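Examining the three-dimensional arrangement
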Amino acid sequence: MAMLSDDRIRNPLLKSKIMSAEAAAELIPAGANVGMSGFTGSGYPKLVPGALARRMKKAHAAGEEFRIGLWTGASTAPELDGVLADAQGVEMRLPYQSDPTVRKQINAGQMQYTDLHLSHVAQLVWFGFLGNLDVAVVEVAGILPDGRLIPSSSVGNNKTWIDQADKIILEVNSMQHPGLEGMHDIYYGTQLPPDRQPIPLVRSSGRIGEAYLRCDLSKVIAVVETNQPDRNTPFAAPDETSQRIANHVIDFLGQEVKAGRLPADLLPLQSGVGNIANAVLAGLNKGPFENMTAYTEVLQDGMLDMLRSGKLTSASATALSFSPEALKDFNDNIDFYSKRIVLRPQEISNHPEVVRRLGVIAMNAMIEADIYGNVNSTHIKGTSIMNGIGGSGDFARNAFLSFFVTPSTAKNGALSCIVPMVSHVDHTEHDVQILVTEQGLADLRGLSPKQRARLIIEKCAHPDYRPALTEYYERALRESPGKHTPHLMNEAFSWQDNVVKVLNTTTA
């Protein structure tokens, strides 16, 4: 498809800076910290990372070192994370990743990785804590005559990258629907301490900023035209396990409404990405609640279905992450959706102040939980990173209700996801209110550690593992020197030995 410079790039100065991805990649120096757009497979640059990776490979073949620090909003796609990792071109990655090659290199000690709460990233850059941001590579949907930028399918950290980078490369993607214009709310009111002011957002659907990204045109060194789709990943239909988890969550919300602790239209929903999350949303779409709202990170298929049915009246996020079928529906009906969707910077979509004020209902996935309610959402065997903490901590600690969900077992039942002590703690027992597996739901609010342990084993553990967990707990009650959170410290991690054995067997 021919490029659409006149339609998408309407500023004469920036039009004069149009060049190939290869030429733009030549402007990124080795050793630079590079902030690239992208959040959960949407809105990432499509061509410059590949051109940069090819340049890196040539440099390495010539015996030259060429690596960068790679900063994004969250996970991206093979065209960014994958190609740069394959080129051995990333020295430091932050704040979140999900690419298998990146993960392999991190766990092999070949790539440094800083796993951060997503709401913290922008402010850490503004504070100067992460070093200088040398180059920003940001995808946009268009450029206005005055140089303002139309954001694309994710906002993420793009505002901060553009503000803080010494130099800027823009990818203008004509594949992004022009109807995205006006859907964004870019807030420019944040300040550094001691001059911070309250963020004036009091409704999940509210707007407090501008529809465009501001840009210092003197910093733009290249404009690259693209016509490439986002990574649109299909979601599996809800299986029996995810459906049972969803039913537990929905029944519990109904009980909270009946008890008068929730309004009939609930409170703003936040949902992590994945098949269990979509199953919960599908259940809510069929359930008794009306006029719901969402204040979340990523808008995925389930919430689009809820907007279409009218169950959900509005949704706030920082990124869109749709299956191919949902993306077609979104593009075909963008006039309908643009009136109901707001896309914000992740420093606002995930901001603890706003999450707490709005009273968000947070639902996030985990790898494992222990009998006292501590949650591991990032590590396998305590030492190997999976993806990262993402925004789950931003929401969990500050939510009105905080759910963590998982199947009760993994590896076809060979591993229990409820263990005596988690191998890595991302969310302490103080941030975890409700645990849910397909077996049941444990409401941990107001309970002591010992009360939590009995409830979690009874409600959430798989029947095959309940006897062993109960036996461990009862011996800990007798033999632990402390009786507040009883543990047998020489045995607490023994279940992780089984993890090692199972994973070694399945990967052999």
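The coordinates are above.
These lines cover the structure that appears in this document, whether it is placed above or below. (Residues numbered from 1 in each chain as written. Predicted model: local features only at pLDDT ≥ 70, side-chain atom pairs only at ≥ 80, totals over all residues. Heavy atoms only, no water.)

1. Focus: the overall build of the protein
- Counting secondary structure elements, the protein contains 19 helices and 25 strands.
- At 23 Å, the protein has a C-alpha radius of gyration in line with the 23 Å of a compact globule built from 508 residues.
- Of all 508 residues assigned to the protein, the portion counted as buried reaches 57%.
- A total of about 19,800 Å² of accessible surface is found on the protein, and carbon and sulfur atoms cover 51% of it.
- One finds the centroid of the 47 positive side-chain charges in the protein at a distance of 3 Å from the centroid of its 55 negative side-chain charges. (Helix = DSSP H or I, 4+ residues; strand = E, 2+ residues; numbered from the N terminus. Rg over C-alpha atoms; globule rule 2.2 N^0.38 Å. Buried < 20%, exposed > 50% of the residue type's maximum accessible area, 1.4 Å probe, protein only. Areas by Shrake-Rupley, 256 points an atom, 1.4 Å probe, with all protein chains shown as cover. Lys, Arg positive; Asp, Glu negative; His and termini not counted. Charge placed at Lys NZ, Arg CZ, Asp CG, Glu CD.)

2. Some words on helix α18 (residues 466-479)
- Its 14 residues give α18 an end-to-end C-alpha distance of 20 Å, which sits within 8% of 20 Å, the value for a rise of 1.5 Å per residue.
- If you check which residues of α18 are buried, you get Leu469, Tyr472, Tyr473, Arg475 and Ala476. Projected down its long axis, α18 shows its buried positions confined to an angular sector of 165°, all on one face. Exposed side chains of α18 directed beyond 90 degrees from the buried face belong to Pro467 and Arg478. (Expected span 1.5 Å × (residues − 1). Arc of directions from axis to C-beta.)

3. Points about the packing of helix α5 (residues 78-86) against helix α6 (residues 100-107)
- Interaxial distance between α5 and α6 falls to 8 Å at its minimum, and their mutual angle equals 45°. As judged from the angle between their axes, α5 and α6 are oblique. Crossing geometry of α5 relative to α6 is assigned as left-handed. Where α5 abuts α6, its residues Asp81, Ala85 and Asp86 lie against Thr101, Val102 and Gln105.
- Of the residues contributing to the contact of α5 with α6, the split by class is 2 nonpolar, 2 polar and 2 charged. (Axes fitted to C-alpha atoms, helices over the stretch in contact; angles between N-to-C directions. Parallel < 35°, antiparallel > 145°, perpendicular 65-115°, else oblique. Left-handed = near helix turned anticlockwise from the far one by under 90°. Contact = heavy atoms within 4.5 Å. Nonpolar A, V, L, I, M, F, W, Y, C, P; charged D, E, K, R; others polar.)

4. Observations concerning unusual backbone geometry
- For the bond from Leu94 to Pro95, the omega torsion is 0°, close enough to zero to count as cis.
- Despite not being glycine, Leu266 shows a phi value in the positive range, around 60°.
- Checked against the element boundaries, Leu266 lands in the loop between α9 (240-258) and β9 (269-271).
- Unlike most non-glycine residues, Asn291 shows phi in positive territory, near 55°.
- Following the sequence through the fold, Asn291 ends up in the loop between α10 (275-286) and β10 (292-295).

5. A closer look at the environment of Val273
- Mapping Val273 onto the fold places it in the loop between β9 and α10.
- A relative accessible area of 43% places Val273 in the partly exposed class.
- Spatially, the C-alpha atoms of Val273 and Ser321 are 8.6 Å apart, while their sequence positions differ by 48 residues.

6. Description of the side chain of Asp431
- Inspection of the secondary structure puts Asp431 in the loop between β23 (418-419) and β24 (434-437).
- The class of Asp431 is buried, set by a relative accessible area of 10%.
- Here Arg397 takes part through its side chain, which lies 2.9 Å from a polar atom of the side chain of Asp431.
- Residues in contact with Asp431, not counting those within four places in the same chain, are Ala396, Arg397, Ser402 and Phe404. (Polar contact = N/O pair within 3.5 Å; in protein donor to acceptor, adjacent residues only side chain to side chain.)

7. A few points about the pairing of strand β15 (residues 361-365)
- For β15, the tally of buried residues reaches 4 of 5 residues, placing the bulk of the element in the interior.
- Sheet analysis places β9 next to β15, joined by 3 bridges and oriented parallel. Opposite Gln270, over in β15, you have Ala362 as the bridge partner.
- By the bridge criterion, 5 bridges tie β15 to strand β20 (residues 401-405) in an arrangement that is parallel. Looking at β20, one finds that Ile361 is bridged to Leu401. (Pairing = 2+ DSSP bridges.)

8. Here's the deal with the nonpolar core
- Within the largest apolar cluster, 72 residues are counted, with the highest numbers of intra-cluster contacts made by Leu253, Leu284, Phe330 and Phe403.
- The leading source of residues in this core is α9, at 6 residues.
- With residues up to four places along the chain from it excluded, the contact list for Phe330 reads Leu180, Met183, Leu304, Leu320, Phe322, Tyr337 and Ile341. (Core = buried A, V, L, I, M, F, W, Y, C linked by side-chain atoms within 4.5 Å.)

9. Quick look at the packing of helix α11 (residues 301-309) against helix α12 (residues 324-332)
- Orientation of α11 relative to α12, taken along the N-to-C sense of each, is 40°, at an axis distance of 10 Å. Taken as axis vectors, α11 and α12 run oblique relative to one another. In the packing of α11 onto α12, the handedness of the crossing is left-handed. Residues Asp301, Leu304 and Arg308 of α11 form the contact with α12, whose own contacting residues are Ala326, Asp329 and Phe330.
- When its residues are assigned to classes, the contact of α11 with α12 shows 3 nonpolar, no polar and 3 charged.

10. Concerning helix α17 (residues 449-459)
- Every buried residue belonging to α17 is among Pro449, Arg452, Ala453, Leu455, Ile456 and Ile457, and all of these are buried.
- Where α17 is buried, its residues contact β16 (368-370), β23, β24, β25 (440-443) and α18.

11. Digging into the side chain of Ser153
- With respect to the helices and strands, the residue Ser153 is situated in the loop between β6 (149-151) and α8 (158-164).
- Exposure remark for Ser153: the relative accessible area of 3% places this residue in the buried category.
- Within the structure, the side chain of Ser153 is placed 3.1 Å from the backbone nitrogen of Gly43, a separation counted as a polar contact.
- For Ser153, the residues in contact, after removing those within four places along its chain, are Ser42, Gly43, Gln176, Leu180, Asp230, Ala319, Leu320 and Leu343.

12. Some words on the pairing of β25
- Relative to β25, β24 runs antiparallel, the two being bridged by 4 bridges. Bridge pairing links Val436 to Leu441 in β25.

All we've got here are geometric facts, nothing functional implied.
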